[in-house]
Amino acid sequence: MSVITLWVISVFWILYGIAGLLGFENLPEKYKYKSWTPDYIRMNGICKLLLGVGWFILGFILRAFSLSLPQQWGLGLLFALPAVGYGLYADHKTKDWCRQADKEWRETKKK
């Protein structure tokens, strides 16, 4: 993959992450209009920013050093790890919010 392509992809993720932080994101219908939706959008924005910034920095590293393709892919995975880790955390948190909201909804239906 060329460095320019990597930078274009990373700029896309950075801009999409900034849009998420500002509250603009295309959400699945099941996540809309919940009490935790703004937090969900913000966490997705942070995750996309982590990916975009990491790959943007990776572009500078790949431009400075001549590396083989397996090394480039390995560094790409390494620089994506913070975003993957944060994404897993955000997913776990969202599932907790969904379970809590379902539990509260069931309790109000019983009454």
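Let me begin by describing the structure that accompanies this report. (Residues numbered from 1 in each chain as written. Predicted model: local features only at pLDDT ≥ 70, side-chain atom pairs only at ≥ 80, totals over all residues. Heavy atoms only, no water.)

Next up on the list: the side chain of glutamate 25. Structurally, glutamate 25 can be placed in the loop between helix 1 (3–21) and helix 2 (37–64). Within the local environment of glutamate 25, its side chain forms a polar contact with the side chain of asparagine 44, the two groups lying 3.2 Å apart. In terms of polar contacts, glutamate 25 uses its side chain to reach the side chain of lysine 48, at 3.4 Å. With residues up to four places along the chain from it excluded, the contact list for glutamate 25 reads Tyr16, Gly20, Ile41, Asn44, Gly45 and Lys48. (Helix = DSSP H or I, 4+ residues; strand = E, 2+ residues; numbered from the N terminus. Polar contact = N/O pair within 3.5 Å; in protein donor to acceptor, adjacent residues only side chain to side chain. Contact = heavy atoms within 4.5 Å.)

Turning our eyes to something else, we now look at the state of the cysteines. Simply put, disulfide is the name for a covalent bond between the sulfur atoms of two cysteines. For the coordinates displayed, the defined rule picks out zero disulfides. Cysteine 47 takes part in no disulfide bond, and the closest cysteine sulfur to it belongs to cysteine 98, at a distance of 17 Å. Look at cysteine 47 and you get buried, because its relative accessible area is 18%. Note on cysteine 98: relative accessible area 23%, which makes it partly exposed. (Disulfide = S-S within 2.5 Å. Buried < 20%, exposed > 50% of the residue type's maximum accessible area, 1.4 Å probe, protein only.)

Nonpolar side chains in soluble globular proteins tend to be buried together. Leu27, Tyr31, Trp36, Tyr40, Ile41, Met43, Ala90 and Trp97 together form the largest nonpolar core, which totals eight residues. Contributing elements (two or more residues each) for this core: helix 2 and helix 3 (69–110). Top element by residues in this core is helix 2. It accounts for three residues. Ignoring any residue separated from it by four or fewer positions in sequence, one finds leucine 27 in contact with Lys32, Thr37, Tyr40 and Ile41. By size, the runner-up hydrophobic cluster in this structure holds five residues, among which are Leu6, Trp7, Leu58 and Leu62. (Core = buried A, V, L, I, M, F, W, Y, C linked by side-chain atoms within 4.5 Å.)

For the rest of this paragraph, the subject is the packing of helix 1 against helix 2. In the contact formed by helix 1 and helix 2, the axes pass within 7 Å of each other and the chain directions differ by 160°. Classified by the angle their axes make, helix 1 and helix 2 are roughly antiparallel. Between helix 1 and helix 2 the crossing geometry is left-handed. Its residues placed into classes, the contact of helix 1 with helix 2 shows 20 nonpolar, six polar and three charged. (Axes fitted to C-alpha atoms, helices over the stretch in contact; angles between N-to-C directions. Parallel < 35°, antiparallel > 145°, perpendicular 65-115°, else oblique. Left-handed = near helix turned anticlockwise from the far one by under 90°. Nonpolar A, V, L, I, M, F, W, Y, C, P; charged D, E, K, R; others polar.)

The next subject is a nonpolar patch on the surface. On the surface, Val11, Leu15, Ile18, Leu22 and Phe24 cluster together into a nonpolar patch covering about 510 Å² of accessible area. Topologically, leucine 15 is positioned in helix 1. (Patch = residues over 30% accessible without salt bridge, like charges linked within 9 Å, V, L, I, M, F, W, Y side chains within 5 Å. Areas by Shrake-Rupley, 256 points an atom, 1.4 Å probe, with all protein chains shown as cover. Salt bridge = Lys/Arg side-chain N within 4 Å of Asp/Glu carboxyl O.)

Tallied over the entire structure, the rule returns five salt bridges. Between aspartate 39 and arginine 42 there is a salt bridge whose closest N-O contact spans 2.9 Å. Of this pair, aspartate 39 and arginine 42 both sit in helix 2, separated by three residues, roughly a single helical turn. In this structure, the salt-bridge partner of lysine 95 is aspartate 91, at a minimum N-O distance of 3.4 Å. Separated by four residues within a single helix, lysine 95 and aspartate 91 lie in helix 3, roughly one turn from each other. The exposure class assigned to lysine 95 is partly exposed, which follows from its relative accessible area of 43%.

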